Amino acid sequence: MIKKCWLFILVALFLGITQANAITLKFNGFIADEADLLSPEVENDLNMTLWDLQKKSGADLVVVTLPSLNGKTVEETAIDIGRSYKLGAKEKNNGVVFLTAPNERRMRIELGTGLEDKIAMNTLESIRDEDILPYYKRENYEAGIRRGAYLLANTVAMAENVQIQAQGNCPPKASSNSRRRENYPWWFWPIAIILSIFSPRRRFNSGRFGGFGGGGGFGGCGCSGSW
């Protein structure tokens, strides 16, 4: 009887420690912007795109920004997020975590175990080095997150043999060795503004979003970056 009591206490302590260390995020659809880097319009466009990916493939690609890693590594944090929120379809484990911690200047792309053999590591590293980090080095985090999320969504879609409908515009590739703004022709911005005003936009309805798929298989496959 005493042994059973001690066993119960140890299990309770273990569960309490696990829950205390579990990361808690406030998701708006597929986005938890805890560091407040994204505008509502960008969140809506990304959510519509990632929702389409989920509907067609079961893949959960989440975009997470954190003001602090709280002493953990970016790798540990990304794995915790994927496992805690059970990302990806249960039978496929095709979740992805795109994590950015601007204050520590660290980012991570973490693949679920079901995507490890479908997406080459050099593909992730190319997206990190050529598409995300050049914007982060300018501290233009919103553009870097937008471009990274769109490219990652398309990469997962191709790996799962589906075609997705992206909403919003993917920012152009930024130069990694220049801090100047891109030199667009004078007529570019008026046309861009008009198109943004009059182009039809679907609104993300969180009530129709059924949550994540119940996978959560993450084994530490991915790539990290700093700037």
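Just above sits the structure.
Residues numbered from 1 in each chain as written. Predicted model: local features only at pLDDT ≥ 70, side-chain atom pairs only at ≥ 80, totals over all residues. Heavy atoms only, no water.

K.L.:
Can you walk me through the environment of Met-158 in this structure?
P.N.:
Structurally, the position occupied by Met-158 is in helix H5 (residues 141-159). Linking Met-158 and Ser-57, residues 101 residues apart in sequence, is a C-alpha distance of 10.0 Å. (Helix = DSSP H or I, 4+ residues; strand = E, 2+ residues; numbered from the N terminus.)

K.L.:
Help me out: how do you make sense of the nonpolar core in this one?
P.N.:
In globular proteins that are soluble, nonpolar side chains generally tend to be buried together. If you look at the biggest cluster of nonpolar residues, it comprises 42 residues, and the most contacted ones within it are Leu-61, Phe-98, Ile-109 and Tyr-136. Of all the secondary structure elements, the ones that give two or more residues to this core are helix H2 (40-57), strand S2 (60-65), strand S3 (95-101), strand S4 (106-112), helix H4 (121-137), H5 and strand S5 (218-226). Considering every element that reaches this core, the biggest residue donor is H5, with nine residues. Setting aside residues no more than four positions away along its own chain, Ile-109 makes contact with Val-96, Val-97, Phe-98, Leu-124, Ile-132, Leu-152, Cys-221, Gly-222 and Cys-223. Listed in part, the 16 residues of the second largest apolar core include Leu-69, Val-97, Leu-99 and Ala-101. (Core = buried A, V, L, I, M, F, W, Y, C linked by side-chain atoms within 4.5 Å. Buried < 20%, exposed > 50% of the residue type's maximum accessible area, 1.4 Å probe, protein only. Contact = heavy atoms within 4.5 Å.)

K.L.:
Just checking my understanding: could you explain the side chain of Asp-33 for this structure?
P.N.:
Within the secondary structure, Asp-33 sits in strand S1 (residues 31-33). Comment: no salt bridge for buried Asp-33; closest opposite-charge side chain is Lys-26, at 12 Å. Side-chain polar atoms of Asp-33 contact the backbone nitrogen of Leu-37, separated by 2.9 Å. Here Thr-65 takes part through its side chain, which lies 2.6 Å from a polar atom of the side chain of Asp-33. Setting aside chain neighbours within four positions, we find Asp-33 in contact with Leu-38, Glu-43 and Thr-65. (Lys, Arg positive; Asp, Glu negative; His and termini not counted. Salt bridge = Lys/Arg side-chain N within 4 Å of Asp/Glu carboxyl O. Polar contact = N/O pair within 3.5 Å; in protein donor to acceptor, adjacent residues only side chain to side chain.)

K.L.:
What is the right way to read the sheet that holds S5 from this model?
P.N.:
Sheet strands pair via backbone hydrogen bonds, and the direction of the pair is either parallel or antiparallel. Pairing is mixed across the open sheet formed by five strands, whose spatial order is S1-S2-S3-S4-S5. Every other strand in the sheet has two partners, leaving S1 and S5 as the edge strands with one partner each. Neighbour to neighbour, the strand axes of the sheet diverge by 10° on average, direction disregarded. Sheet topology note: the S2/S3 ladder contains six bridges and is parallel. Opposite Thr-65, over in S3, you have Thr-100 as the bridge partner. Of the strands in this sheet, S2, S3, S4 and S5 are in contact with helix H3 (residues 74-84), which crosses S4 at around 40°. (Pairing = 2+ DSSP bridges. Axes fitted to C-alpha atoms, helices over the stretch in contact; angles between N-to-C directions.)

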